[in-house]
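Residue-level structure breakdown
Now for the letters of each chain:
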Amino acid sequence: LYFRRYFLMALTSCLFWNTFGLSEAVGSKPNILLFLADDLGIGDIGCYGNNTIRTPNIDRLAREGVKLTQHIAAAPLCTPSRAAFLTGRYPIRSGMASSNRYRALQWNAGSGGLPPNETTFARLLQQQGYTTGLIGKWHQGVNCESFNDHCHHPLNHGFDYFYGMPFTLQNACQENKPHDLDVALQAKLWLYSQIIILAVLTLTAGKLTGLILIRWKIIAFFTLAGGLFFISWYSSYGFVQYWNCILMRNHDITEQPMRLERTASLMLKEAVSFIKRNKHGPFLLFVSFLHVHTPLFTTKKFLGKSRHGLYGDNVEEMDWMVGKILDSLDKEGLKNHTFTYFASDHGGHLEAQEGSAQLGGWNGIYKGGKGMGGWEGGIRVPGVFRWPGVLPAGTVIDEPTSLMDIYPTLVHLAGAILPQDRVIDGRNLVPLLQGRAQKSEHEFLFHYCGSYLHAVRWHEKDSGAIWKAHYVTPVFHPPGAGACYGKGICPCFGEGVTHHYPPLLFDLSEDPSEAKPLSADTEPLFHTVIKKIGRAIEEHRRTLTPVPEQLSVYNAVWKPWLQPCCGTFPFCWCDKEGGSTQSL
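Residues numbered from 1 in each chain as written. Predicted model: local features only at pLDDT ≥ 70, side-chain atom pairs only at ≥ 80, totals over all residues. Heavy atoms only, no water.

Focus on the UniProt feature "domain: Sulfatase N-terminal" (unreviewed entry) in the chain
Rules: UniProt positions are given in the numbering used here, feature names are shortened, and annotations may be inferred rather than shown by experiment. Here a strand is any run of E in DSSP of at least two residues, a helix any run of H or I of at least four, and the numbering for each starts at the N terminus.
UniProt records the feature "domain: Sulfatase N-terminal" (unreviewed entry) for residues 30-416 in the present numbering. In the segment residues 30-416, helix accounts for 35% and strand for 16%; the C-alpha atoms at its two ends are 13 Å apart.

Rendered as structure tokens:
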């Protein structure tokens, strides 16, 4: 009888932990550490099959935790993907999806950005007593109406501390690199400027030689108009390094322009310092890497060390930084009390090249890459979680999940309540990560390119099939190349895309590379699946409400009165970090 009673007590205790153990853990509010890489391909790290780029620290996270193999970004570009990550909502709901060619924020001095009425996970955790910090890239806007209203700034979206780049890395941030911002437009503006100069010189020569009868006032007018035209565009595009490549601590600019040779050291120092300052917790630290976005600036310690050129060097430097930050958790005794996550904001940039050198990532077996709203290579990303003692180590989950799921997952861990006044598209991952649920809560995932719906994924839970219908796909250049080489990035609309009637249909559970489209002749369920997905699209669209487009042309253009400046505009220059860091 005693043995039976003891056995029942032990069994009850075991069941209680499996069912309610997480609630007890949540009651103590775990620290939360989020790593988000920039432009990293799913095929670039060891735990996802790469055996030539060394990523031991990210791989260690996967061994000690849970790896997701079907983790999907809500958008294939930085700005909209990160907006969805922060809010748990498709970018089209917050106005962060574009209907024009400006699909990401272009300037620090643009007026678009994450709307102040959006509620980020940082704000909800802040309300639960968390100290919240963001180290690294923001790319969600800065100001709305004046140079210091900071309406889109991280501190206005729930972060107590911000150190990093309010924008994103560009080639212009590094000396002697060709500019990559609006290259085609800049070429046209240069051409128009040269035509104006040539016209003025021709009129002047004609007037002096008497071959052209024209008044000097008219020549002066053309000269003035041409000068104003040149100043109007060159004042922005000619000084991109000063306008976009800046570092901020909270609202204060610390470097303008930033010195890339010490940026990694500064970011690492700030992340470690934040953990040390807040070791008594609870804290949320979002480490948003500038790696591995072009221009791939890499410190000397890692240059030439990988087998994949500059890109591989940059990936390995990022992994080393992950390791150092994880070491700081260990040093402070926080490893077992910290929920850690690693992902990328979207797929690798296939078109990033310099001569014959590939500067973008590898997306493994998946077709497409950055900028492609439907193809898996643009949206399927690494997803790794670790929480020792709570999440089972060495687990691999093949179910469809989304970066938007981080939002409700963190809200649950912090003991907060999801906003009830808006649609939240993410789903709490904790039951799936713990093994208490076997299936993803997502039945449908909608894959947008800007504001255009390109594809839809249906997770048919009864059969286990994962169907994906493509309504729009980019036209690859050259044909069959698998990317839009020569264009920088594939378009979402216009002549650069193909519309499919009926849509291209794939069964990702059998054909993850999307190599063999199905048809009514080869798939008996073809029409049934297409109808089911079509009804899901109709239902999804009924949940959308009109909102201001944050990436409109007006919001995207450079506005000098919104320019963050550490001096007196236009003399914006400062270096408050000089000599304050050690090399890596």
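What about the pairing of strand E15 (residues 452-459)?
As a reminder of what qualifies: When a residue's accessible area, from a 1.4 Å probe over protein chains only, is under 20% of the maximum for its type it is buried; when over 50% it is exposed; and in between it is partly exposed. By the convention used here, strands pair only if DSSP detects at least 2 bridges between them.
By the criterion of burial, E15 is predominantly enclosed, with 7 of the 8 residues buried. Strand direction decides the pairing type here: strand E14 (residues 444-449) and E15, joined by 6 bridges, are antiparallel. Within E15, the position partnered with phenylalanine 446 by the bridge is valine 456. Here E14 folds back onto E15, and the loop between the two strands holds 2 residues, one of which, glycine 450, carries a positive phi near 65°. In terms of strand pairing, E15 meets strand E16 (residues 466-474) through 5 bridges, oriented antiparallel. The residue bridging alanine 455 from the neighbouring strand is histidine 470, located in E16. Where E15 hands over to E16, the hairpin turn is made up of 6 residues, of which glycine 464 adopts a positive phi near 85°.

Comments concerning the layout of surface pockets
The line we're drawing: In this analysis, the protein atoms alone were mapped onto a 1 Å grid. Cavities are point sets where a 1.4 Å probe fits without being able to get out; pockets are open sets with protein on both sides within 12 Å along at least five of seven lines; lining residues have an atom within 4 Å of a point. Grid points are joined across faces, edges and corners, and a volume is the space filled by probe spheres set on the points. Gly is placed with the polar residues, together with every amino acid not listed as nonpolar (Ala, Val, Leu, Ile, Met, Phe, Trp, Tyr, Cys and Pro) or charged (Asp, Glu, Lys and Arg).
The computed volume of the largest pocket comes to approximately 1400 Å³. Lining the largest pocket are 44 residues, with Asp180, Asp182, Lys487, Gly488 and Ile489 positioned closest to its centre. At the level of elements, helix H6 (183-209) and strand E9 (353-354) are the ones that each hand at least two residues to the lining of the largest pocket. The leading source of residues in the lining of the largest pocket is H6, at 4 residues. Here the second largest pocket is characterised by a volume of approximately 370 Å³. Along the walls of the second largest pocket sit 18 residues, with Arg427, Glu443, Phe444, Phe446 and His540 positioned nearest its centre. Those elements giving two or more residues to the lining of the second largest pocket turn out to be E14 and helix H14 (526-542). The element contributing the most residues to the lining of the second largest pocket is H14, with 5 residues. The class makeup of the residues in the lining of the second largest pocket is 7 nonpolar, 3 polar and 8 charged.

Re the pattern of salt bridges
Worth spelling out the cut-off: We count a salt bridge whenever a side-chain nitrogen from Lys or Arg sits within 4 Å of a carboxyl oxygen from Asp or Glu.
In total, this model carries 20 salt bridges according to the counting rule given. Put simply, aspartate 345 and arginine 82 hold a salt bridge, and the shortest N to O gap is 3.1 Å. Separated by 263 residues along the polypeptide, aspartate 345 in the loop between strand E8 (338-344) and E9 and arginine 82 in helix H3 (residues 78-87) bring together distant segments of the chain. A residue is classified by how much of its surface remains accessible, and arginine 82, at 3% relative accessible area, is buried. In this structure, arginine 422 engages glutamate 118 in a salt bridge whose closest nitrogen and oxygen atoms are separated by 3.9 Å. Taken together, the residues span a long stretch of sequence, with arginine 422 in the loop between helix H12 (406-413) and helix H13 (430-434) and glutamate 118 in the loop between helix H4 (91-94) and helix H5 (121-127) at a distance of 304 residues. Here the salt bridges share partners, and the residues they tie into one network are Glu376, Arg380, Arg457, Lys468 and Glu514.

Comments concerning the state of the cysteines
Let me state the cut-off plainly: Note that a disulfide, as used here, is simply two cysteine sulfur atoms within 2.5 Å.
Summed over the entire model, instances satisfying the criterion amount to 6 disulfides. Paired by a disulfide, cysteine 173 and cysteine 245 hold their sulfur atoms 2.0 Å apart. Taking the sign of the torsion about the S-S bond as the criterion, the disulfide between cysteine 173 and cysteine 245, at about -80°, is left-handed. Of the two residues, cysteine 173 sits in the loop between strand E4 (161-165) and H6 while cysteine 245 sits in the loop between helix H8 (240-244) and strand E5 (247-249), which places them 72 residues apart along the sequence. On the accessibility criterion, cysteine 245 (0% relative accessible area) is buried. Paired through a disulfide, cysteine 449 and cysteine 492 show a sulfur-sulfur distance of 2.0 Å. Since a negative S-S torsion denotes a left-handed disulfide, the cysteine 449-cysteine 492 link at about -70° is left-handed. Here the residue cysteine 449 occupies a position in strand E14, and cysteine 492 occupies one in the loop between E16 and strand E17 (497-507), the gap between them amounting to 43 residues. For the residue pair cysteine 449 and cysteine 492, the accessibility class agrees, reading buried in each case.

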